Amino acid sequence: MQIKYACQSIEHGMARRQFLGTAAAVTGGLVAGGLGVFSQRAVAGQLKSDQKRIVVFNMHGGLSQLESWDPKPGTDTGGPFLAIPTSVPGIHISELLPLTAQQMHHLCLARGVNTSEDDHGKGAYMMLTGRRQTPAANFPQLGAVAAKSLTPSDSSLPGHIVITPGGAGGRGNDSAYLGPMYSSVSLGNGNPPQNTARPDTIAEASDAARQDFRRKINERFLNRRRTAVTEAFAYSFEQAEQLMRQRDVFDVTKEPASDVERYGTHDFGRHCLLARRLLEQGITFVQLSHSNYDTHNENFNFHIEQMGEFDRSFSCFVADLAERGLLDSTLIVVLSEFGRTPNINLYYGRDHWSRAWSVCLAGCRIPRGAVYGSTNENGTEVTDGQVDHGSLFHTYLQAAGVDSTGSFDIEGREMPIADPSTGAVAQLLS
Amino acid sequence: MTVPEGFDVKQAHVVSEWTHDRPLNACRFDPSGRYAFCGSEDAMVGRFLLADGTRTLCSGGHLTWVRAIAYSKDGSQAISAGCDGKMTWWEAAAAEPKPLRTVDAHQGWVRTLDVSPDGTLLASGGNDNAVRVWNTADGSLLKEFSSHLRHVYNVAFDPTGQFLFSGDLTGALKQWDVAAAKEVRSFDATALHSYNGGQQVDFGGIRSIAISPNGRWLVAGGLHKASNPLGAVHEPLVLLFDLQNKTEEGLKPVRQLITEGIPGGVIWRLKWLADGSIMGLSGGSTGGLLLFWKPDAEKDYHRFALPSLARDMDLHPDGLQVATAHHDRHLRITRLAAKEA
């Protein structure tokens, strides 16, 4: 992919050039030095800015709406759990979420989600990109779009972080035509990015000299052959150097022990606390996941266990963001690839169900303490306020201040930020 | 225990099936052998008259699903327990049974009930990790045992009533001295539990406990080989313990009672039969099966396929009739004997 510097493309203009320009101003023209010259000052200052952030809780496998946001107790599909009142009179959620119920005045439930896709991979793709998967095109995930649209040009930290339940980490392949600059940095099991600790065998001075030499060589090369690939290559080096300098940003052990206890000592509790830390440090987009909700078998036993973990950590997270004044600038989305069948199968399980399920939202322009949309008595169909992956994707972005009806300029080609055939859900925006 | 006349598990056959409104979770014969009570995927308790299948619905005792049923020793009162954490006493033989008493027994589900052999004590276990012992006569709490770390799946008194056994999700199997209110021993039934790292779930648990009439043997049932817990791929497993072995070795199973050719199964209930063999109910993707083992052999010596998946089972006081609670909304009665001419 060639970058046409003469074209004044939005992509180049909005991100890399501004970023490099700032770098040049700071360094007196050390263009290829880029990210390497930024300081913690810029990071600390971000919190005081109007920067909007997004955090996505991906309930991996397909969270049951009936055991969470849209309970139907006493019906043939309702299952064994009861509904409980919340901090908002008239709104009830599953008894499996007693702590989250106390935070309902911060939350908004979209109970009329219909995505008409019961396949795990396709459903996840739709919910994270806002579009159906087609052989003809690949679309960037919400994290990449948010990173490109919302990350301050002077940010020295990656704008797109995915905390995975396990694995070693690395970079994701989730930014499509936005390019590798916006692909996710993966924190395997909540650990800091891979290979970001300087080996003991390399002295700090030697490392600095090595980086300076690399920049000079790089600059010389770029003066003659600048392409998107070389840009991304150089950016990766600069970002890696910054990550090494700011490794503490990703170190959840720096958080108070009392908070670790409060969030829960399990992995998900630690991941939620890390998400709070990252957002407070100015990271634009954080996605974490909670597994595993694909409960074809013994749905109720598994939801007791999983919802118990989620409830404790998530309620702390919401309460903390609200208390710290971050909820006005942070969008929270709790999504899944689909919901689960109202029908209870032979094994006390629920299967895949995309025709009537729920998404939980909070923060930014999302109304507080609200419910939009509804399903019928036993939860098999949406009866009011139907939304889908496309309209929700627009809504997420507009809630965070991004004009989702606009386009990215990719090498002179306009690529709509979100599916142009639909739009945001006005009722979910205040 | 005398082997009843005509007893022959290899001649087992279904003699009755009665329809209920919702899929069934639980069933028990009353001590008189006149009724079978059942719990289902709603807040009702159903009572079936065995003579003709007449059904009576008992309402007002629960807010949601009923999972467990027990009786007073004389059978005059039935006790149901459910996912609302409540236990409710019923006048078992009333024309229209009404709740006599409702007790908040556990925080979360009550998963299991058992009445002591003398009928004075009622034990319960639930999702608050607690085992509690109640006065059957008035529902007052007498004892609480709280060393389980996860949900308590099953409780069972031994034939003397001196000891109570309890099992949980992780395969912790504990023996309690009821009068002294202390833990006596903890057995290793962890073969009935697994943690699946890929799916990040704990799975299994001690679904059933049964002690032989002579008090020598204990069997604990559940599942193993859970290669896909979320997808119902697991096999039934029963662990046999020798309660007379008081050494460290006695804390481990003497034998695993297994099956072949049941890739989707879990033991929901175990009962000792009059001939000294063990009957287990397996429900799962392979279907509903009554499985029969001898304590001295690893593999089942007979299996009887029920018409559909079942979730609970009980043995009639006559030792011949077996009630099974089915997902297809039927209560079925199987007779462990040849068909009558």
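Quick caveat: nothing in here was measured; it's all calculated off a predicted structure. Residue numbering note: each chain is counted from 1, following its sequence as written. Chains and ligands are labelled by the order in which they are written, letters from A for the one and numbers from 1 for the other. Local features in this predicted model are restricted to residues whose pLDDT is 70 or higher, and side-chain atom pairs enter the listing and the counts only when it is 80 or higher, whereas totals over whole chains, interfaces and linings include all residues.

1. Quick word on the overall build of chain A
For chain A, the helix and strand inventory stands at 11 helices and 17 strands. Any residue whose C-beta has 12 or fewer other C-beta atoms within 10 Å is treated as exposed, any with 20 or more as buried, and any in between as partly exposed, C-beta atoms being built from the backbone. In chain A, buried positions account for 53% of the 430 residues. Residues are scored as being in contact if the C-beta atoms we place from backbone atoms lie within 7 Å. Excluding contacts between residues fewer than 6 apart, the proportion of contacts in chain A whose partners are at least 24 apart in sequence is 72%. Labels follow the DSSP assignment, with helices taken as runs of H or I lasting at least four residues and strands as runs of E lasting at least two, numbered in each case from the N terminus.

2. A few points about the overall build of chain B
The helix and strand tally for chain B stands at 0 helices and 30 strands. Only C-alpha atoms enter the radius of gyration; for comparison, a globular chain is expected to reach 2.2 Å times N to the power 0.38, where N is the number of residues. Taking 20 Å as the expected radius of gyration for a compact globule of 341 residues, we find that chain B reaches 18 Å, a close match to that expectation. By the burial criterion, 54% of the 341 residues in chain B qualify as buried. Within chain B, residue pairs in contact and separated by at least 24 positions form 48% of the contacts whose partners lie at least 6 positions apart.

3. Structural notes on the confidence of the model for chain A
Across the chain, each position has a pLDDT score giving the predictor's confidence in that residue, from 0 to 100. Overall, the predicted model of chain A reaches an average pLDDT of 87, with 88% of residues at or above 70. This stretch, residues 1-48 of chain A, has a pLDDT under 50; its non-local contacts, to residues over four places away or in other chains, come to 85 contacts.

4. A few points about the interface of chain B and chain A
With 20 residues of chain B at the contact, the number on the chain A side is 18 residues. Residues of the side of chain B that touches chain A, tallied by class, amount to 8 nonpolar, 8 polar and 4 charged. In this classification, the charged set is Asp, Glu, Lys and Arg, the nonpolar set is Ala, Val, Leu, Ile, Met, Phe, Trp, Tyr, Cys and Pro, and all remaining amino acids, among them Gly, are polar.

5. Brief notes about the sheet that holds strand β16 (residues 172-177) of chain B
Residue and element names in this part refer to chain B. At least two bridges found by DSSP between two strands are what make those strands a pair. One open sheet accounts for 4 strands, arranged β14-β15-β16-β17; its pairing is antiparallel. Both edges of this open sheet fall to β14 (152-157) and β17 (182-188), since each of them pairs with a single strand only. In this sheet, adjacent strand axes meet at a mean angle of 20° when their direction is disregarded. Here β14 pairs with strand β15 (residues 163-168) via 5 bridges, running antiparallel. Counted as the bridge partner of F157 is L164 from β15. A fitted line through C-alpha atoms represents every axis, and for helices the fit uses only the stretch in contact; the resulting angles, taken between N-to-C directions, go from 0 to 180 degrees.

6. Some thoughts on unusual backbone geometry
Residue and element names in this part refer to chain A. Looking along the chain, the bond that leaves S291 and enters N292 is cis, with omega of 0°. Tracing the backbone shows N292 in the loop between β8 (285-290) and α10 (299-323). Despite not being glycine, S116 has its phi angle at roughly 50°, a positive value. Looking at the element boundaries, S116 is found in the loop between β4 (107-113) and α4 (120-129). The exposure class assigned to S116 is exposed, which follows from the 12 C-beta atoms found within 10 Å. Positive phi, close to 55°, is recorded for N189, a residue that is not glycine. Tracing the backbone through its elements, the reader meets N189 in the loop between β7 (185-188) and α6 (204-222).

7. Describing the pairing of strand β19 (residues 201-204) of chain B
Residue and element names in this part refer to chain B. Sheet analysis places strand β18 (residues 193-196) next to β19, joined by 4 bridges and oriented antiparallel. The residue of β19 that forms the bridge with N196 is V201. From the end of β18 to the start of β19, which pair antiparallel, there are 4 residues, and Q200 there has a positive phi angle of about 60°.

8. A closer look at the environment of S87 of chain A
All names here are of chain A. You can see S87 is positioned in the loop between β2 (83-85) and β3 (92-94). Given 14 C-beta atoms within 10 Å, S87 falls into the partly exposed group. The spacing of S87 and F237 is 150 residues in sequence and 48 Å in space, taken between C-alpha atoms. Non-local contacts of S87, meaning those with residues more than four positions away in its chain, are made with A101, Q102, Q103, M104 and H105.

9. Comments concerning the packing of helix α9 (residues 267-280) of chain A against α10 of chain A
Residue and element names in this part refer to chain A. In the contact formed by α9 and α10, the axes pass within 9 Å of each other and the chain directions differ by 15°. Of the possible angle classes, the one that applies to α9 and α10 is roughly parallel. Where α9 crosses over α10, the two elements pack in a sense that is right-handed. Taking contact as the criterion, the partners of F268, G269, C272, A275 and R276 in α9 are, on α10, E309, F310, R312, S313, F314, C316, F317 and D320. For the contact of α9 with α10, the per-class residue count stands at 7 nonpolar, 2 polar and 4 charged. Each angle receives one of four descriptions, namely roughly parallel if under 35 degrees, roughly antiparallel if over 145, roughly perpendicular if within 65 to 115, and oblique otherwise. Left-handed describes a crossing in which the near helix is turned anticlockwise from the far one by less than a right angle; the clockwise case is right-handed.

10. Considering helix α11 (residues 389-399) of chain A
All names here are of chain A. With 11 of 11 residues buried, α11 lies mostly within the body of the structure. Buried residues along α11 sit against β1 (53-59), α4, α5 (142-150), β9 (330-335) and β12 (357-362). Looking one or two residues past α11, G401 carries a phi angle of roughly 90°, positive in sign.

11. Some points on the pairing of β9 of chain A
All names here are of chain A. Of all 6 residues in β9, 6 are buried; the element is thus mostly enclosed. Burial of the side chains of β9 extends over both faces: T330, I332 and V334 are buried on one face and L331, V333 and L335 on the other. Where β9 and β12 come together, 3 bridges link them in antiparallel fashion. Of the residues in β12, the one forming a bridge with V333 is L361.

12. Some remarks on the sheet that holds strand β9 (residues 99-104) of chain B
Two pairing modes exist for strands in a sheet, parallel and antiparallel, and in both the strands are linked by backbone hydrogen bonds. Residues and elements named next belong to chain B. Strands sit in the order β6-β7-β8-β9 across an open sheet of 4 strands; the sheet is antiparallel. Edge positions in the sheet fall to β6 (66-71) and β9, since each has one partner strand and no second. Taking each pair of neighbouring strands and ignoring which way they run, the sheet shows an average axis angle of 20°. In this sheet, strand β7 (residues 77-82) lies alongside β6 in antiparallel orientation, the contact comprising 5 bridges. Paired with Y71 across the bridge in β7 is A78.

13. Quick notes on α4 of chain A
Structural remark: α-helix, 3.6 residues per turn; residues separated by three or four positions point the same way. Residue and element names in this part refer to chain A. Most of α4 is tucked away, with 7 of its 10 residues classed as buried. Along α4, the positions that sit buried rather than exposed are G123, A124, Y125, M126, M127, L128 and T129. Against α5, β9 and α11 lie the buried residues of α4. Looking one or two residues beyond α4, the residue adopting positive phi is G130, at roughly 80°.

14. Section: the confidence of the model for chain B
For chain B, per-residue confidence averages 97 on the pLDDT scale, and 100% of positions sit at 70 or higher. Scored by ipTM, the complex comes to 0.96, with pTM at 0.90.

15. Overview of the environment of R131 of chain A
Residues and elements named next belong to chain A. One can find R131 in the loop between α4 and α5. Residue R131 is classed as buried on the basis of its C-beta count, with 20 C-beta atoms lying within 10 Å. Remark: the alpha-carbon pair of R131 and H120, spanning 11 residues in sequence, is separated by 14 Å. Setting aside anything within four residues of it in sequence, one finds R131 in contact with M126, F139, G390 and D419.

16. Details of the environment of R214 of chain A
Residue and element names in this part refer to chain A. Along the chain, R214 falls in helix α6. R214 gets classed as partly exposed once you count the C-beta atoms within 10 Å, which come to 16. For the pair R214 and D320, spaced 106 residues apart in the sequence, the C-alpha separation amounts to 43 Å.

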